[in-house]
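# Chain and residue survey
Each chain, written out:
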Amino acid sequence: MAQKSIAAEKCPIAAGSGDVDVIEVIIVGAGFSGLLCATALCDSGVPLDSIALLEAGSACGGVWRKGGVGDYPGAACDVEAYQYLPLLQRVGFIPSRKYIAQAEIGAYADLFARKLGLLPRIRFNTKVASANFIGDVCESALWEVVTEAGETIRSRHLVMACGPLSTPKFPQ
């Protein structure tokens, strides 16, 4: 699937370098933290087209997505679904049981993104290689994020929502 441009406005970075695209917010991670952050930003008036979510995996949900770190037999949440899953009423979802399994949590994250209109702003299979504060340019300070594919994206704000459980750590 081809990725859409996430450009918002132009900003000259250096004399003779031309204009570069600048968006308002880059969110790294499309687990529940990233999805909730994007939702809260939209609810507070930040236009959705000025937000980009960069997700290393192929689906939403972080450790809960299919194939994620939490993809092992019997994986489930030990917190009641009505407490753990965010914005159930807004999404229109009823958990299948009190304590739901990994597959249902991952599917809910995808449903959450689709129902709240976030999917077009998520770049799946996009890993961040670097994120650097590049100082004051234009009217505000900027962050420069470079993906492993070599794409550069600049934003006024950067949210790291990649989660502490995104990389397994085995005992030594």
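Heads up: these notes are all about the structure in this document. (Residues numbered from 1 in each chain as written. Predicted model: local features only at pLDDT ≥ 70, side-chain atom pairs only at ≥ 80, totals over all residues. Heavy atoms only, no water.)

## Remarks on helix α1 (residues 32–43)
For α1, which comprises 12 residues, the first-to-last C-alpha distance of 16 Å matches the rise-based estimate of 16 Å (1.5 Å per residue) to within 8%. Within the sequence span of α1, burial applies to Phe32, Gly34, Leu35, Ala38, Thr39 and Leu41. With its phi angle positive at about 110°, Gly45 sits one or two positions after the end of α1. (Helix = DSSP H or I, 4+ residues; strand = E, 2+ residues; numbered from the N terminus. Expected span 1.5 Å × (residues − 1). Buried < 20%, exposed > 50% of the residue type's maximum accessible area, 1.4 Å probe, protein only.)

## What about the pairing of strand β3 (residues 51–54)?
Going residue by residue along β3, you find Ile51 and Leu53 tucked away on one face and Ala52 and Leu54 tucked away on the opposite face as well. As paired elements, β3 and strand β4 (residues 122–123) share two bridges and run parallel to each other. Across the sheet, residue Leu54 finds its bridge partner in β4, namely Arg123. (Pairing = 2+ DSSP bridges.)

## What about the state of the cysteines?
Scanning the entire structure with this criterion turns up zero disulfides. The thiol sulfur of Cys37 is not disulfide-bonded, and the nearest other cysteine sulfur, from Cys42, lies at 9.5 Å. (Disulfide = S-S within 2.5 Å.)

## What to know about the nonpolar core
Core analysis: the biggest nonpolar cluster contains 30 residues, and Ile27, Leu35, Ile51, Cys60, Leu85, Tyr108 and Ile122 have the highest contact counts within it. The element best represented in this core is helix α4 (residues 102–115), accounting for six residues. Not counting chain neighbours up to four residues away, the residues in contact with Ile51 comprise Ile23, Val25, Ile27, Ala38, Leu41, Cys42, Val46 and Arg121. If you look at the next biggest cluster of nonpolar residues, it comprises eight residues, including Ile26, Val28, Leu54 and Ile153. (Core = buried A, V, L, I, M, F, W, Y, C linked by side-chain atoms within 4.5 Å. Contact = heavy atoms within 4.5 Å.)

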